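This is what each chain is made of:
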Amino acid sequence: QAAGPGTGETPPEGFDPAAKLLHVRWPAVPGKSYQLEAAARLAADPTTGAPPEFLPVGDVLTAGADETALDVWVDISGGDVKQLYRIRIAESEAQ
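About the cut-offs
- Residues numbered from 1 in each chain as written.
- Predicted model: local features only at pLDDT ≥ 70, side-chain atom pairs only at ≥ 80, totals over all residues.
- Heavy atoms only, no water.
- Salt bridge = Lys/Arg side-chain N within 4 Å of Asp/Glu carboxyl O.
- Helix = DSSP H or I, 4+ residues; strand = E, 2+ residues; numbered from the N terminus.
- Buried < 20%, exposed > 50% of the residue type's maximum accessible area, 1.4 Å probe, protein only.

### Remarks on the pattern of salt bridges
For side chains bearing opposite charge, pairing can occur when the charged atoms are close. Applying the stated criterion across every chain, the model contains four salt bridges. In this structure, E37 engages R88 in a salt bridge whose closest nitrogen and oxygen atoms are separated by 2.7 Å. Of this pair, E37 sits in strand β3 (residues 33-39) while R88 is found in strand β7 (residues 84-90), placing the two residues 51 residues apart along the sequence. Its relative accessible area of 34% is what places R88 among the partly exposed residues. Its salt-bridge partner being D45, residue R41 comes within 4.0 Å of it at the nearest N-O pair. Judged by relative accessible area, which is 30%, R41 ranks as partly exposed.

Structure below.
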(Lines give C-alpha, C1' and ligand atoms only; values in the text may rest on other atoms or scores of the structure.)
Protein backbone atom coordinates (compact mmCIF):
# COMPACT_ATOMS: atom_id res chain seq x y z
CA GLN A 1 0.00 0.00 0.00
CA ALA A 2 1.27 3.42 -0.89
CA ALA A 3 1.02 6.04 1.84
CA GLY A 4 2.14 9.59 2.21
CA PRO A 5 1.76 12.53 4.55
CA GLY A 6 -0.88 15.04 3.59
CA THR A 7 -1.96 18.48 4.59
CA GLY A 8 -5.49 18.35 5.91
CA GLU A 9 -8.03 17.45 3.26
CA THR A 10 -5.58 17.51 0.34
CA PRO A 11 -3.76 14.30 -0.70
CA PRO A 12 -0.02 14.65 -1.33
CA GLU A 13 1.27 15.10 -4.87
CA GLY A 14 1.95 11.94 -6.80
CA PHE A 15 -1.24 10.05 -5.97
CA ASP A 16 -3.36 8.97 -8.92
CA PRO A 17 -6.51 11.16 -8.95
CA ALA A 18 -8.60 8.06 -9.79
CA ALA A 19 -7.25 6.10 -6.79
CA LYS A 20 -9.34 5.14 -3.78
CA LEU A 21 -7.72 6.96 -0.88
CA LEU A 22 -8.14 6.46 2.84
CA HIS A 23 -7.41 9.56 4.95
CA VAL A 24 -6.10 8.81 8.45
CA ARG A 25 -5.62 11.65 10.94
CA TRP A 26 -4.66 11.44 14.61
CA PRO A 27 -3.61 13.73 17.48
CA ALA A 28 0.14 14.01 17.85
CA VAL A 29 2.66 15.28 20.37
CA PRO A 30 5.37 17.58 18.94
CA GLY A 31 8.64 15.69 18.56
CA LYS A 32 7.05 12.22 18.80
CA SER A 33 7.31 9.75 15.90
CA TYR A 34 4.41 7.62 14.69
CA GLN A 35 3.99 4.62 12.37
CA LEU A 36 0.71 3.69 10.68
CA GLU A 37 0.31 -0.10 10.62
CA ALA A 38 -2.25 -2.44 9.07
CA ALA A 39 -3.36 -6.03 9.63
CA ALA A 40 -5.80 -8.20 7.71
CA ARG A 41 -7.45 -9.46 10.90
CA LEU A 42 -7.69 -8.61 14.59
CA ALA A 43 -8.11 -12.09 16.06
CA ALA A 44 -5.53 -14.85 16.26
CA ASP A 45 -5.33 -17.18 13.26
CA PRO A 46 -7.91 -19.93 13.91
CA THR A 47 -5.64 -22.63 12.48
CA THR A 48 -2.23 -21.73 13.93
CA GLY A 49 -3.14 -19.48 16.85
CA ALA A 50 -0.69 -16.88 15.54
CA PRO A 51 -1.47 -13.30 16.59
CA PRO A 52 -2.40 -10.75 13.92
CA GLU A 53 0.58 -9.40 12.00
CA PHE A 54 0.63 -5.60 11.78
CA LEU A 55 2.80 -4.32 8.93
CA PRO A 56 4.06 -0.77 8.43
CA VAL A 57 2.16 1.40 5.95
CA GLY A 58 4.32 4.23 4.62
CA ASP A 59 7.13 5.92 6.50
CA VAL A 60 7.51 6.88 10.14
CA LEU A 61 6.21 10.43 10.65
CA THR A 62 7.49 12.83 13.30
CA ALA A 63 5.32 15.70 14.52
CA GLY A 64 6.99 19.07 14.11
CA ALA A 65 7.32 21.64 16.88
CA ASP A 66 3.92 23.19 16.12
CA GLU A 67 2.06 20.06 14.95
CA THR A 68 -0.67 18.65 17.16
CA ALA A 69 -2.07 16.27 14.52
CA LEU A 70 -0.68 14.19 11.66
CA ASP A 71 -2.29 13.04 8.40
CA VAL A 72 -1.59 10.07 6.17
CA TRP A 73 -3.26 9.21 2.87
CA VAL A 74 -3.31 5.51 1.98
CA ASP A 75 -3.99 4.24 -1.54
CA ILE A 76 -6.37 1.30 -1.09
CA SER A 77 -7.18 0.90 -4.80
CA GLY A 78 -5.50 -2.43 -5.46
CA GLY A 79 -5.38 -4.12 -2.10
CA ASP A 80 -7.67 -5.64 0.46
CA VAL A 81 -9.71 -2.73 1.79
CA LYS A 82 -10.78 -4.82 4.77
CA GLN A 83 -7.80 -3.88 6.91
CA LEU A 84 -7.48 -2.92 10.54
CA TYR A 85 -5.29 0.14 11.02
CA ARG A 86 -3.50 1.35 14.11
CA ILE A 87 -1.04 4.08 15.01
CA ARG A 88 2.07 3.01 16.89
CA ILE A 89 4.43 5.40 18.65
CA ALA A 90 7.74 4.73 16.92
CA GLU A 91 11.14 4.83 18.53
CA SER A 92 13.08 7.85 17.37
CA GLU A 93 16.20 6.99 15.37
CA ALA A 94 18.02 9.75 17.24
CA GLN A 95 17.64 7.97 20.61
